[in-house]
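Below, each chain spelled out in residue letters.
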Amino acid sequence: MTNFTIRQLRYFEALAQHRHFGRAAEACSISQPALSVQIKELEQNLGTQLVERSARQVQLTSFGEALLERVAAILRSVDELGDFARAAQGQLTGRFRLGVIPTIAPYLLPGLIGKLNQSHPALDLHVRETLTPRLVQEVLQGQLDTAIVALPVLEPALAEMALFEESFLLVRPRSDAAQPAPRGEDLRNMRLLLLEEGHCFRDQTLGFCNTPAATARDGLDGSSLSTLVQMVGAGIGVTMIPQMAVEVETRSANVSCTTFAGPQPGRTVGMIWRKSNPLADAFSGVGEVVRSCAGGAQVRR
């Protein structure tokens, strides 16, 4: 009879995600030698090698790749058993894994964490910030309970809860503050600074000014809204930022913000979670707390 533990499966999943024993051990809060021993024991119990070890990184064997999908399903089922028990208690308690996209996290989380601690004092909050495609994948795989993203996501297995809408503003050098507000199509003739590929905010910006992604100018990308705003302050070009980011990002930059002439760009911010999650009803309560942190955004009801 094959003898392995749920903990060993979690360690294997972490190793498959990070492809590095040190980083996987750190993610699992154990020492690297302890992780290595557990993976080796799992291989012995299964009777075959799961990973190819090298000095730089870890590669899964063909059997390891095939096993990974099954391990993810097993761990998702185990987590849902725990969630089912928590749901039976009638309140949200214990570990809560929340994902947030980078163009929301720095501006929403400071207020949200405090309010969640007040409204759900028995909650053990774990936050992960990354791009929308990865958040969607991790919610589907059960690695996250829910995520705050720009909607729609349009994934059949996920529920979507719209929370609030916010506008996008134009950021330009302070010396241009007296200039008339441009229209969206005017941005195509400006030196428009964008977030790097993979950010949904980049796509929303290009969509507003009707610029295909393939024709966006090279060399004008940044990894964060803060970088883009500072580049504008240095006179390199213009950019767009969401309303919630204005106070934080523009207070120390030599820039001005303005709304656009004509239709206003914006986004719907909401939460997603697996429809099958036993805690789905409780997540709506978390969504109400998020909604209360919307500030000056237009709240959806």
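## Remarks on the overall build of the chain
Along the backbone of the chain there are 10 helices and 12 strands. Taken over the C-alpha atoms alone, the chain extends approximately 75 × 50 × 35 Å along its principal axes. Within the chain, buried positions represent 44% of all 301 residues. Taking contacts inside the chain between residues at least 6 apart in sequence as the whole, the part at least 24 apart equals 73%. Put simply, the chain has 29 plus and 30 minus side-chain charges, and the middle of one group is 1 Å from the middle of the other.

## Digging into helix α5 (residues 105–119)
Under the 1.5 Å per step criterion, the end-to-end length of α5 is 19 Å for 15 residues, consistent within 8% with the ideal 21 Å. The axis of α5 is deflected most strongly, by about 30°, at Leu-112. Ala-105, Tyr-107, Leu-108, Leu-109, Leu-112 and Leu-116 are the residues of α5 that are buried. The inward-facing, buried residues of α5 abut β3 (94–100), β4 (123–129), β5 (146–151), α8 (225–233), α9 (246–250) and α10 (280–292).

## Quick word on the side chain of Thr-258
Following the sequence through the fold, Thr-258 ends up in strand β10 (residues 255–258). A residue is classified by how much of its surface remains accessible, and Thr-258, at 17% relative accessible area, is buried.

## With respect to the packing of aromatic side chains
Here the structure, examined in full by the defined rule, presents four aromatic pairs. Where Phe-168 meets Phe-201, the ring centres are 4.7 Å apart and the plane angle is 70°; that geometry is what we call edge-to-face. Placement of the pair is Phe-168 in strand β6 (residues 158–173) and Phe-201 in helix α7 (residues 200–208), with a sequence separation of 33 residues. Each member of the pair Phe-168 and Phe-201 is classed as buried.

## Section: the pairing of β4
Relative to β4, β3 runs parallel, the two sharing seven bridges. The residue of β4 that forms the bridge with Gly-94 is Leu-123. The parallel pair β3 and β4 is bridged by α5, and the resulting crossover is right-handed.

## Looking at the packing of helix α2 (residues 21–28) against helix α3 (residues 32–46)
The axes of two packed helices give the description: the angle between them and the distance between them. α3 packs onto α2 with a crossing angle of 100° between their chain directions and a minimal axis gap of 8 Å. Regarding the angle of α2 to α3, the classification is roughly perpendicular. Contact residues: α2 offers Phe-21, Gly-22, Ala-24 and Ala-25, while α3 offers Gln-32, Leu-35, Ser-36 and Ile-39. Here the residues of the contact of α2 with α3 sort into five nonpolar, three polar and no charged.

## A few points about the packing of helix α1 (residues 6–18) against α3
Contact geometry of α1 with α3 gives a least axis separation of 9 Å together with a crossing angle of 110°. In this view, α1 runs roughly perpendicular relative to α3, as classed from their interaxial angle. Between α1 and α3, the contacting residues are Gln-8, Leu-9, Tyr-11, Phe-12 and Leu-15 on the first element and Leu-35, Gln-38, Ile-39, Glu-41, Leu-42 and Asn-45 on the second.

## Some words on α8
Those residues of α8 not exposed but buried are Leu-225, Leu-228, Val-229, Met-231 and Val-232. Across the axial projection of α8, the buried residues extend over an arc of 160°, all falling on one side. Just past α8, the residue Gly-235 takes up positive phi, approximately 90°.

## Digging into the confidence of the model for the chain
Of all residues in the chain, 90% have pLDDT values of 70 or greater, and the mean over the chain is 87. Of all helices and strands in the chain, the one with the weakest mean pLDDT is strand β12 (residues 298–299) (61), whereas β5 scores best (96).

## Describing the pattern of salt bridges
Evaluated as defined, the whole model comprises seven salt bridges. The salt bridge involving Arg-53 is made with Glu-43; its shortest N-O contact spans 3.1 Å. Taken together, the positions of Arg-53 in strand β1 (residues 51–53) and Glu-43 in helix α3 put the pair 10 residues apart, joining distant regions of the chain. We classify Arg-53 as partly exposed; its relative accessible area is 36%. One salt bridge in this structure joins Arg-291 and Glu-288, with 2.7 Å as the shortest N-O distance. Placement of the pair is Arg-291 and Glu-288 together in helix α10, with a separation of three residues, close to one helical turn. On the basis of relative accessibility, which here comes to 7%, the residue Arg-291 falls in the buried class. Accessibility expressed as a relative area gives 36% for Glu-288, which makes it partly exposed.

## Here we look at the pairing of β6
Burial runs high along β6: 12 of the 16 residues are buried. One ladder, built from nine bridges, connects β6 with strand β11 (residues 266–274); its direction is antiparallel. By the bridge assignment for β11, Phe-164 is matched with Val-269. Judged from the four bridges that link them, β6 and strand β9 (residues 239–242) form a sheet pairing that is antiparallel. What sits directly across from Phe-168, in β9, is Pro-242. By the bridge criterion, four bridges tie β6 to β10 in an arrangement that is antiparallel. Paired with Arg-172 across the bridge in β10 is Ser-256.

Basis of the calculations
- Residues numbered from 1 in each chain as written.
- Predicted model: local features only at pLDDT ≥ 70, side-chain atom pairs only at ≥ 80, totals over all residues.
- Heavy atoms only, no water.
- Helix = DSSP H or I, 4+ residues; strand = E, 2+ residues; numbered from the N terminus.
- Buried < 20%, exposed > 50% of the residue type's maximum accessible area, 1.4 Å probe, protein only.
- Contact = heavy atoms within 4.5 Å.
- Lys, Arg positive; Asp, Glu negative; His and termini not counted.
- Charge placed at Lys NZ, Arg CZ, Asp CG, Glu CD.
- Expected span 1.5 Å × (residues − 1).
- Bend = angle between axes of the 7 residues up to and from the residue.
- Phe/Tyr/Trp six-rings, centres within 6.5 Å; stacked < 30°, edge-to-face > 60°.
- Pairing = 2+ DSSP bridges.
- Right-handed = clockwise from strand over helix to strand, strands pointing away.
- Axes fitted to C-alpha atoms, helices over the stretch in contact; angles between N-to-C directions.
- Parallel < 35°, antiparallel > 145°, perpendicular 65-115°, else oblique.
- Nonpolar A, V, L, I, M, F, W, Y, C, P; charged D, E, K, R; others polar.
- Arc of directions from axis to C-beta.
- pLDDT = per-residue confidence, 0-100.
- Salt bridge = Lys/Arg side-chain N within 4 Å of Asp/Glu carboxyl O.

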